Number of protein chains: 2
Amino acid sequence: MAERSLLNQLIDALRCLPGVGPKSAQRIAFHLLERDRDGGARLARVMAEAMTRIQRCQRCRTLTENDLCGICASSKRETGTICVVEQPSEVVAIEQATDYRGLYFVLGGRLSPLDGIGPSDLGLDILERRLGEESLAEVILAISPTVEGGATAQFIADRAAHHGVKVSRIAHGVPLGGELEYLDGGTLALAFAGRRDL
Amino acid sequence: MAERSLLNQLIDALRCLPGVGPKSAQRIAFHLLERDRDGGARLARVMAEAMTRIQRCQRCRTLTENDLCGICASSKRETGTICVVEQPSEVVAIEQATDYRGLYFVLGGRLSPLDGIGPSDLGLDILERRLGEESLAEVILAISPTVEGGATAQFIADRAAHHGVKVSRIAHGVPLGGELEYLDGGTLALAFAGRRDL
Ligand SMILES: [Zn+2]
Ligand SMILES: [Zn+2]
């Protein structure tokens, strides 16, 4: 089998999927080619479109193909509260596990001066503008309890205080180093209910 | 998040991958969007091309984007032997694990009258033509030792005998019900070396 056959290119390309080594890449390629060409063709089409068209929401920085995400564009959300998370996947996790119906803000990381990640890399200038312009009652911080997460939370708490907006942090039911998106829904819901003022 | 957002379409479409449920589809989508857009775009491009262009080799019925696969088109193979397998993935497994350098024939299944799978569905008319036209010394059967596999092997053995071509079967080091492509290379090599005449 020639090294650069289309089949081998497909097996190579499949290795960009997380946790997929050479053996499972091969298994996936044969599965699609022999049993689900329609599914593979549809996936290829949607993936190409997603990789070029999905960007950050201009208001909350979560992932969306529109200027505003579905939550920011909705007229049914409670606009007095912003929940600040690190990753877009955490918005999905909170939506699925809790009855929170306010707005969001996605940082995309944590402040880390040593890695050159400053406030504007996390969109904190956009958040500051929202703190000034929107009529907010509360900012809920759902940021991981690490050193960098703590510094990031403190930075946001300072800015919120400057604008007279109350700040809370979700309760530490979240295990240290644990990732929000893999938590069971019950724990995440409890952490929301048990949030306290900063 | 709107139900038919491009992100949700991507998560849906990823479920065509074997073993990928809703949770890992979501994890894959966020991984590609946030950490590897180039890899995702390349995968989409290669997958679209593979799903439309990869067909069966006209001579051996393995998967290829050309009229003839790399093995059939090669001038370096020993043309006196054909190894008959059920699936294209088994060609790859044999190439990787053994020093077999003959040709192949891929059935794509086993004879199963109850399921309406007859000789022509497995390309056995093409194999018969090869038995008549090529100067073959041996046909090696690497077909799983099930009832249907046995009937398929017997069918091919009869046709080969009709054309005066010797038939052998790889040794039963292969566990019953085990799939060739997941066998360790050593066992597969032993099964090849221990083949016996039918
Ligand atoms: Zn938004
Ligand atoms: Zn071929």
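All figures in this text were calculated on a predicted structure; none of them were measured in a lab.

Undergrad: Please give an account of the interface of chain B and chain A that cites residues and values.
TA: Each side of the interface is counted separately: chain B has 53 residues, and chain A has 53 residues. Contact between chain B and chain A buries roughly 5,100 Å² in total, counting both sides, with carbon and sulfur atoms accounting for 69%. Joining chain B to chain A, the criterion identifies two salt bridges. We note a salt bridge from Arg56 of chain A to Glu34 of chain B, for which the minimum N-O separation is 3.5 Å. Where chain B packs against chain A, one counts six residue pairs in polar contact (both at pLDDT 80 or more). Put simply, the parts of the chain that give the side of chain B that touches chain A at least two residues each are α1 (6-14), α2 (22-35), α3 (37-53), β1 (55-56), α4 (70-73) and α5 (88-97) of chain B.

Undergrad: Requested: an account of the pattern of salt bridges, with residues and values cited.
TA: In this structure the tally under the stated criterion is 20 salt bridges over all chains. Across the pair Arg101 of chain B and Glu95 of chain B runs a salt bridge, and its minimum N-O distance is 4.0 Å. On the accessibility criterion, Arg101 of chain B (34% relative accessible area) is partly exposed. Through salt bridges with shared partners, a single network forms among Arg59, Arg130 and Glu134 of chain A.

Undergrad: Describe the coordination of the zinc ion (ligand 1), listing the residues and the values that go with them.
TA: Residues and elements named next belong to chain A. Each protein donor to the zinc ion (ligand 1) is listed here as Cys57 (SG), Cys60 (SG), Cys69 (SG) and Cys72 (SG); together their distances run 2.3 to 2.4 Å. Of note is the zinc ion (ligand 1), whose four donor atoms meet at the metal with angles of 105 to 119° in an arrangement that counts as tetrahedral. Mapped onto the polypeptide sequence, the residues donating to the zinc ion (ligand 1) form the spacing pattern C-x2-C-x8-C-x2-C. Taken as a pair, Cys57 in the loop between β1 (55-56) and β2 (63-64) and Cys72 in helix α4 (residues 70-73) lie far apart in primary sequence, 15 residues in all. Relative accessible area serves as the criterion here: at 8%, Cys72 is assigned to the buried category.

Undergrad: How would you explain the state of the cysteines if you had to name every residue and give the values?
TA: Any covalent bond linking the sulfur atoms of two cysteines counts as a disulfide. Residues and elements named next belong to chain B. For the coordinates displayed, the defined rule picks out zero disulfides over all chains. Cysteine Cys83 shares no disulfide, and the gap to the nearest cysteine sulfur, in Cys60, comes to 11 Å. On the accessibility criterion, Cys83 (0% relative accessible area) is buried.

Undergrad: Give me the pairing of strand β3 (residues 81-85) of chain A: which residues, what numbers.
TA: Residues and elements named next belong to chain A. Extensive coverage of β3 is indicated by the burial of five of its five residues. Residue alternation in β3 divides its side chains into two sets, Thr81, Cys83 and Val85 and Ile82 and Val84, and both sets are buried. For β3 and strand β5 (residues 138-142), the ladder comprises five bridges, and the chain directions are parallel. When the bridges of β5 are listed, Ile82 appears paired with Val139. Note that β3 and strand β4 (residues 103-106) share four bridges and pair parallel. In the strand pairing of β4, Cys83 is matched with Tyr104. With respect to chirality, the unit in which β3 leads through helix α5 (residues 88-97) into the neighbouring parallel β4 is right-handed.

Undergrad: Describe the coordination of the zinc ion (ligand 2), with residues and values.
TA: Residue and element names in this part refer to chain B. The coordination sphere of the zinc ion (ligand 2), as far as protein atoms go, consists of Cys57 (SG), Cys60 (SG), Cys69 (SG) and Cys72 (SG), spread over 2.3 Å. Around the zinc ion (ligand 2) sit four donor atoms; with metal-centred angles ranging over 106 to 120°, the donor geometry is tetrahedral. Along the chain, the residues donating to the zinc ion (ligand 2) are arranged with the sequence spacing C-x2-C-x8-C-x2-C. On the criterion of sequence distance, the pair formed by Cys57 in the loop between β1 and β2 (63-64) and Cys69 in the loop between β2 and α4 is long-range, its members being twelve residues apart.

Undergrad: I'd like a rundown of the environment of Glu138 of chain B, residues and numbers included.
TA: Residue and element names in this part refer to chain B. Inspection of the secondary structure assignment puts Glu138 in strand β5 (residues 138-142). Taking C-alpha positions, Glu138 is 11 Å from Tyr104, a pair spaced 34 residues apart along the chain. Polar contacts involving the side chain of Glu138 include one to the side chain of Ser168, which spans 2.7 Å.

Undergrad: Any chance you could break down the nonpolar core for me, citing the residues and the numbers?
TA: Core analysis: the largest hydrophobic core is formed by 48 residues, its most contacted members being Leu10 of chain A together with Leu10 of chain B. Put simply, the parts of the chain that give this core at least two residues each are α1 (6-14), α2 (22-35) and α3 (37-53) of chain A together with α1, α2 and α3 of chain B. Core analysis: the next-biggest nonpolar cluster, separate from the first, contains 42 residues, Cys57, Cys60, Cys72 and Ile82 of chain B among them.

Undergrad: Kindly report on the environment of Ala157 of chain A, identifying the contributing residues and their values.
TA: Structurally, the position occupied by Ala157 of chain A is in helix α7 (residues 147-162). With near-sequence residues (within four places) excluded, Ala157 of chain A lies in contact with Val167 and Leu198 of chain A.

Undergrad: Requested: an account of unusual backbone geometry, with residues and values cited.
TA: Of note, the phi angle at Arg61 of chain A is positive, near 70°, even though the residue is not glycine. On the basis of relative accessibility, which here comes to 11%, the residue Arg61 of chain A falls in the buried class.

Undergrad: Could you give me a rundown of the UniProt feature "zinc finger region: C4-type" (unreviewed entry) in chain A, with the residues and numbers involved?
TA: Look at the UniProt record and you will see "zinc finger region: C4-type" (unreviewed entry) annotated at residues 57-72 of chain A. Annotated as 19% helix and 12% strand, the span residues 57-72 of chain A places its first and last C-alpha atoms 8 Å apart.

Undergrad: An account of the side chain of Ser144 of chain A is needed here, citing residue identities and associated values.
TA: Residues and elements named next belong to chain A. Relative to the helices and strands, Ser144 resides in the loop between β5 and α7. Within the local environment of Ser144, its side chain forms a polar contact with the side chain of Glu86, the two groups lying 2.7 Å apart. Only 2.8 Å separates the side chain of Ser144 from the side chain of Arg110, close enough to count as a polar contact. Beyond its immediate chain neighbours, meaning those up to four positions away, Ser144 contacts Glu86, Arg110, Gly149 and Gly150.

Cut-offs and rules
Here the residue index of a chain counts from 1 through its sequence in written order. Here chains are named by letter from A upward and ligands by number from 1 upward, in the order in which they appear as written. Given that this is a predicted model, residues contribute local features only at a pLDDT of at least 70 and side-chain atom pairs are listed and counted only at 80 or more, while totals for whole chains, interfaces and linings are drawn from all residues. Values shown for side chains rest on all heavy atoms present in the structure; no hydrogens or waters enter the calculation. Here, residues are in contact when the closest pair of their heavy atoms is within 4.5 Å. What gets called buried area is simply the loss in accessible area from a 1.4 Å probe that two parts show on being joined, summed for both. For salt bridges, the criterion is a side-chain nitrogen of Lys or Arg within 4 Å of an Asp or Glu carboxyl oxygen. Side-chain atoms alone can form a polar contact between residues adjacent in sequence; in general such a contact is a pair of N or O atoms within 3.5 Å, and within protein one must be able to donate a hydrogen while the other accepts it. Note on conventions: DSSP H or I runs of at least 4 residues are helices, E runs of at least 2 residues are strands, and numbering of each starts at the N terminus. Each residue is assigned to one of three classes by its accessible area relative to the maximum for its type, calculated with a 1.4 Å probe on protein chains only: buried under 20%, partly exposed between the two thresholds, exposed over 50%. Coordinating donors are taken as N, O and S atoms within 2.8 Å of the metal, stretched to 3.2 Å for Na, K and Ca; because water is absent from the atoms, sites can appear incomplete. Labels for metal geometry use angle windows, namely 85 to 135 degrees for all angles of a four-donor tetrahedral site, and for square planar (four donors) or octahedral (six donors) sites opposite donors over 155 degrees apart plus all others within 65 to 115; sites meeting none of these are irregular. Only a pair of cysteine sulfur atoms within 2.5 Å qualifies as a disulfide here. Between any two strands, pairing holds if DSSP finds at least two bridges. Classification remark: right-handed applies to a crossover when, strands pointing away from the viewer, the course from the first strand over the helix to the second runs clockwise. Working definition of a nonpolar core: buried Ala, Val, Leu, Ile, Met, Phe, Trp, Tyr and Cys residues. They are joined through side-chain atoms within 4.5 Å. UniProt positions are given in the numbering used here, feature names are shortened, and annotations may be inferred rather than shown by experiment.

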